[in-house]
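What follows is each chain in one-letter form.
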Amino acid sequence: MNIVSELSLINIKVDDRERRSGLLPILQETEGVDLEVQRLPIGDYEVNGQLLVERKTLIDLVASLKSGRLFAQLYRLVQSERPCALLLEGTSTDLHRSGMRREAVQGALMQATLFMQIPVLRAMDAAESASLLLMAARQLNALGTRRSKSPRRWPPRRYPTSQIGRKEKQQLYFLQGLPGIGLTRARLLLEKFGTVQNVLSASERELQEVVGVGRSTAEKIRWVVEEDRVRYNTENE
C-alpha cells in the first residue's frame, strides 16, 4: 500500500468558478492531493496555504484586458502580500484568434512582471497547468523541509490613504514596483516628473536629481525599463 506522508501532502483550494477549467479532474486523480472547492476571495488557486495563483486562458486574458478587470485582479493579488503568480494557458493560435495585438498583451505582461513583480507561468493546456501547480506545491513542501520559516515574500507596496485622486494613488502604487522605490520616493518622483511615463523616460542623471535616488538606484531603474524591442512573427509560430 502506497502511503503518502504529511510532508508530501499537497493541499490545493480551488475557486468554485474554476469547475469547468479541466484542471479539477486531473488534480482529483493525483495521489497525495487534498482538493477543496470553494469560493476564494482572491485568485483561482491557493497552493499549500501559501501561493495564490490567478489562472487565465489567453482568451480570458484578452477579455479581462478589454474590460479592465485584469489589473484590478492583479492588484488584489499583490495587496495580499503573499507569494502569487499569473498562470496563462493556451497557445499563440488562441491569441491570434482573439484579434488583440500582441504588443498590447506584451505591454500588460510587462507591467505584471516588471512593475507588479508577479511571475507569469505559461502552460499549453489544462494538463500542463495542473502539472505546474503540482510542481509549485512540491517545491513549497521541499522548501519547508529545509527551513522552518515561510518562503520569502516580495516586499509589500503601500497603497496611499491620503485624500488624493484615484489616478494619483494608482500612479504611486505603480512606481513602487521600481527597484529601490518606496512610497516616499514614489511621491518625490511623481512630484518632479508629473507622470509615470516621464519617470520611465527619465535619464539616470535626471533620476538622481530626486532626493533619495542615488546612482545605484537610478541605474537599476534604467536597466529595468530599457528593454530591447523584440519583433514577433506570428506566422512562424
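See the structure above.
These numbers were taken from a predicted model, which means no experiment stands behind them.

> Explain the overall build of the chain to me, please; I cannot follow it from the model alone.
From N to C terminus, the chain includes 11 helices and six strands. Sequence-distant contacts, at least 24 apart, represent 62% of the contacts inside the chain between residues at least 6 apart. Accessible surface, the chain: about 13,900 Å² in total, of which carbon and sulfur atoms supply 48%.

> What am I meant to see in the pattern of salt bridges here?
Note on pairing: side chains with opposite charge can pair once their charged atoms come close. Counted under the stated rule, the structure contains 10 salt bridges. A salt bridge links Glu54 to Lys56, with the nearest nitrogen and oxygen atoms 3.7 Å apart. For the pair formed by Glu54 and Lys56, the shared burial category is buried. Three or more residues joined by partner-sharing salt bridges are found here, namely Lys13, Glu46 and Arg82.

> What is the right way to look at the packing of helix α3 (residues 69-79) against helix α5 (residues 102-115) in this model?
When two helices pack together, their arrangement is captured by the angle between the axes and the distance separating the axes. The N-to-C vectors of α3 and α5 enclose an angle of 10°; their axes lie 11 Å apart at closest approach. When the axis of α3 is compared with that of α5, the two are roughly parallel. Contact residues: Leu70, Phe71, Leu74 and Tyr75 in α3; Ala108, Gln111 and Ala112 in α5. Per-class residue counts for the contact of α3 with α5 are six nonpolar, one polar and no charged.

> What is the right way to read helix α11 (residues 215-225) from this model?
The periodicity of an α-helix, 3.6 residues per turn, causes residues three or four places apart in sequence to face the same way. Those residues of α11 not exposed but buried are Thr217, Ala218, Ile221, Arg222 and Val224. Buried residues in α11, looked at end-on, bunch into an arc of 160°, giving them a common side. Facing away from the buried side of α11 by over 90 degrees, the exposed positions are Arg215 and Trp223.

> Any chance you could explain the pairing of strand β2 (residues 33-38) here in plain terms?
Taken residue by residue, a regular strand's side chains alternate between the two faces of the sheet. Sheet analysis places strand β1 (residues 10-15) next to β2, joined by six bridges and oriented parallel. Opposite Asn11, over in β2, you have Asp34 as the bridge partner. At this point the chain moves from β1, through helix α1 (residues 23-28), to the parallel β2, and the crossover so formed is right-handed.

> What exactly am I supposed to notice about α5 here?
Spanning 14 residues, α5 covers 19 Å between terminal C-alpha atoms, matching the ideal 20 Å at 1.5 Å per step. Looking one or two residues past α5, Gln117 carries a phi angle of roughly 60°, positive in sign.

> Can you walk me through the nonpolar core in this structure?
If you look at soluble globular proteins, the nonpolar side chains tend to sit buried side by side. With 21 residues, the main nonpolar core has Leu61, Leu74, Leu86, Leu88, Val105, Met116 and Ile118 as its most contacted residues. Only α2 (58-67), α3, β5 (84-89) and α5 provide two or more residues apiece to this core. Here the element with the most residues in this core is α3; it accounts for five residues. Excluding residues that lie within four positions of it along the chain, Leu74 makes contacts with Leu86, Ala112, Met116 and Ile118.

> Teacher, can you tell me more about the packing of aromatic side chains here?
The geometry of an aromatic ring pair comes down to the distance between the two centres and the angle between the two planes. The final tally for this structure, using the stated rule, is one aromatic pair. When the ring of Tyr75 is compared with that of Tyr173, the centres are 5.1 Å apart and the planes differ by 75°; the resulting orientation is edge-to-face. Residue Tyr75 is located in helix α3, and its partner Tyr173 is located in helix α7 (residues 166-175); the two are separated by 98 residues in the primary sequence. Look at Tyr75 and you get buried, because its relative accessible area is 15%. Between the NZ or CZ atom of Lys192 and the centre of the ring of Phe193, over which it lies, the distance is 5.5 Å.

Basis of the calculations
- Residues numbered from 1 in each chain as written.
- Predicted model: local features only at pLDDT ≥ 70, side-chain atom pairs only at ≥ 80, totals over all residues.
- Heavy atoms only, no water.
- Helix = DSSP H or I, 4+ residues; strand = E, 2+ residues; numbered from the N terminus.
- Contact = heavy atoms within 4.5 Å.
- Areas by Shrake-Rupley, 256 points an atom, 1.4 Å probe, with all protein chains shown as cover.
- Salt bridge = Lys/Arg side-chain N within 4 Å of Asp/Glu carboxyl O.
- Buried < 20%, exposed > 50% of the residue type's maximum accessible area, 1.4 Å probe, protein only.
- Axes fitted to C-alpha atoms, helices over the stretch in contact; angles between N-to-C directions.
- Parallel < 35°, antiparallel > 145°, perpendicular 65-115°, else oblique.
- Nonpolar A, V, L, I, M, F, W, Y, C, P; charged D, E, K, R; others polar.
- Arc of directions from axis to C-beta.
- Pairing = 2+ DSSP bridges.
- Right-handed = clockwise from strand over helix to strand, strands pointing away.
- Expected span 1.5 Å × (residues − 1).
- Core = buried A, V, L, I, M, F, W, Y, C linked by side-chain atoms within 4.5 Å.
- Phe/Tyr/Trp six-rings, centres within 6.5 Å; stacked < 30°, edge-to-face > 60°.
- Lys NZ or Arg CZ within 6 Å of the ring centre and 35° of its normal.

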